[in-house]
Amino acid sequence: MKIFLDTADIEEIRIAARWGVLDGVTTNPTLYAKVGGSYDSILAEVCKITSGPVSAEVISDDVEAMLDEGRHFAKIAPNIVVKVAMSENGLEAISRFADEGIRTNCTLIFTANQGLLAAKAGATLISPFVGRLDDINQDGMIVIRELAEIFAIHEMDAQILSASIRNPLHVTQSAMAGAHIATIPFKVLQQMVHHPLTDKGIAQFKADWTKAREASAATS
Ligand code: E4P
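A quick note: this is a predicted structure, and the numbers were derived from the prediction, not measured. (Residues numbered from 1 in each chain as written. Predicted model: local features only at pLDDT ≥ 70, side-chain atom pairs only at ≥ 80, totals over all residues. Heavy atoms only, no water.)

## Quick notes on the environment of T172
Argument step 1. Tracing the backbone shows T172 in helix α9 (residues 168–177).
Argument step 2. Of the residues examined, T172 reaches a relative accessible area of 43% and is grouped as partly exposed.
Argument step 3. T172 sits 20 residues away from M192 along the chain, and the two C-alpha atoms are 9.7 Å apart. (Helix = DSSP H or I, 4+ residues; strand = E, 2+ residues; numbered from the N terminus. Buried < 20%, exposed > 50% of the residue type's maximum accessible area, 1.4 Å probe, protein only.)

## Some remarks on the site of the ligand
Argument step 1. Surveying the vicinity of the ligand reveals the residues D6, T26, N28, K83, F129, R132, A163, S164, R166 and T183.
Argument step 2. Residue K83 places a side-chain N or O atom 2.6 Å away from an oxygen atom belonging to the ligand.
Argument step 3. The class makeup of the residues in the shell around the ligand is two nonpolar, four polar and four charged. (Near = heavy atom within 4 Å. Polar contact = N/O pair within 3.5 Å; in protein donor to acceptor, adjacent residues only side chain to side chain. Nonpolar A, V, L, I, M, F, W, Y, C, P; charged D, E, K, R; others polar.)

## Focus: the pattern of salt bridges
Argument step 1. As enumerated under the stated definition, the model contains eleven salt bridges in all.
Argument step 2. Where R14 meets E45, a salt bridge forms, and the shortest distance between an N and an O atom there is 3.4 Å. On the criterion of sequence distance, the pair formed by R14 in helix α1 (residues 10–19) and E45 in helix α3 (residues 39–49) is long-range, its members being 31 residues apart.
Argument step 3. Close ionic contact of R71 with D68 constitutes a salt bridge, the shortest N to O distance being 3.5 Å. Residue R71 and its partner D68 are located together in helix α4 (residues 63–76), separated by three residues, close to a single helical turn. (Salt bridge = Lys/Arg side-chain N within 4 Å of Asp/Glu carboxyl O.)

## Brief notes about the sheet that holds strand β3 (residues 54–57)
Argument step 1. On the basis of which strands lie adjacent, the closed barrel formed by eight strands has the order β1-β2-β3-β4-β5-β6-β7-β8 and parallel pairing. Strand after strand, the sheet turns through a mean of 30 degrees between neighbouring axes, direction not considered.
Argument step 2. Taken together, the two bridges between strand β7 (residues 159–162) and strand β8 (residues 181–184) define a ladder with parallel strand orientation. Directly across from L161, in β8, lies its bridge partner I181. (Pairing = 2+ DSSP bridges. Axes fitted to C-alpha atoms, helices over the stretch in contact; angles between N-to-C directions.)

## Some points on the packing of aromatic side chains
Argument step 1. Counted by the stated rule, this structure contains four aromatic pairs.
Argument step 2. Aromatic rings pair up to connect Y32, Y39 and F73 into one cluster. (Phe/Tyr/Trp six-rings, centres within 6.5 Å; stacked < 30°, edge-to-face > 60°.)

## Examining helix α10 (residues 186–193)
Argument step 1. Taken residue by residue, α10 has F186, V188 and L189 as its buried positions. Seen along its axis, α10 keeps its buried residues to an arc of 160 degrees; they face one direction. (Arc of directions from axis to C-beta.)

## As for the pairing of strand β6 (residues 125–128)
Argument step 1. Covered by surrounding structure in β6 are L125 and S127 together with I126 and P128, the residues of both alternating faces.
Argument step 2. Two strands pair when backbone bridges link them, and strand β5 (residues 104–109) and β6 are joined in this way by three bridges, in the parallel orientation. Residue pairing for β6: N105 is matched across the bridge by L125.
Argument step 3. Following the backbone out of β5, through helix α6 (residues 112–121) and into the adjacent parallel β6, one traces a crossover that is right-handed.
Argument step 4. By the bridge criterion, two bridges tie β6 to β7 in an arrangement that is parallel. (Right-handed = clockwise from strand over helix to strand, strands pointing away.)

## Structural notes on the environment of A179
Argument step 1. Locating A179 in the fold gives a position in the loop between α9 and β8.
Argument step 2. Residue A179 is classed as buried on the basis of its relative accessible area, which comes to 6%.
Argument step 3. Those residues in contact with A179 that lie beyond four places of it in its chain are M1, I144, I160, S162 and S174. (Contact = heavy atoms within 4.5 Å.)

## Quick word on the packing of helix α8 (residues 140–153) against α9
Argument step 1. For the pair α8 and α9, interaxial distance at closest approach is 9 Å and the crossing angle is 20 degrees. With respect to their mutual orientation, α8 and α9 come out roughly parallel. Regarding α8 and α9, the two cross each other, and that crossing is right-handed. Contact with α8, carried on its side by M141, I144, R145 and A148, involves H170, Q173, S174 and A177 of α9 and no other residues of that element. (Parallel < 35°, antiparallel > 145°, perpendicular 65-115°, else oblique. Left-handed = near helix turned anticlockwise from the far one by under 90°.)

## Topic: unusual backbone geometry
Argument step 1. In this structure, L108 is a non-glycine residue whose phi angle is positive, near 60 degrees.
Argument step 2. Structurally, L108 can be placed in strand β5.
Argument step 3. According to the relative accessible area criterion, L108 is partly exposed, its value standing at 31%.
Argument step 4. With phi around 65 degrees, N137 is a residue other than glycine that occupies positive phi space.
Argument step 5. Along the polypeptide, N137 turns up in the loop between α7 (130–135) and α8.
Argument step 6. With relative accessibility at 74%, the residue N137 sits in the exposed group.

Any functional reading would require information that these geometric values do not contain.
Given below as structure tokens:
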């Protein structure tokens, strides 16, 4: 499963790239609002750090305006993927982007049927929001599992991008449920690295090494 970072924070993206685990990035207006500045400049910078897909979200409601926004983003770098929210106009925009050879990520997916429609319209990436479903006491992983089964049975090319990830368990469950990609907040990526027994083990090895060196120095 590929790992995308769900952030517009350049420093976080640089760190994940240095770790060798970064396959792409997703941004959205909320993530952009946290860092501010020029959205275009941020996207251009992110596209220099990773050659993987970088999602840039359109905010217009009508089709022509979505197309204008998306075409503008697509010119920033070849790895830009235009993020379009699920809606009737969104489906039309996705279909038109597909005709123009512009890749899209259909966002705000909460049911398998929405995902199926987005895939049929020509979206490259389908983003079910698992955390927001869990927030309202529904199992977000069911949508991932259903879409994985539907795409496999019908040999559909769209990739499932598990989004709205809240914790490391969501990542494991997404991988096991058949998501092709999980987009992960930086904090969750850090949580995935650590385990109390790993940290305790590192400290113990260091302490034992120092003790042994001191003992060896004392006897020589
Ligand atoms: C990613 O593409 C989504 O925009 C993001 O994962 C949403 O996450 P949230 O539900 O934590 O805002």
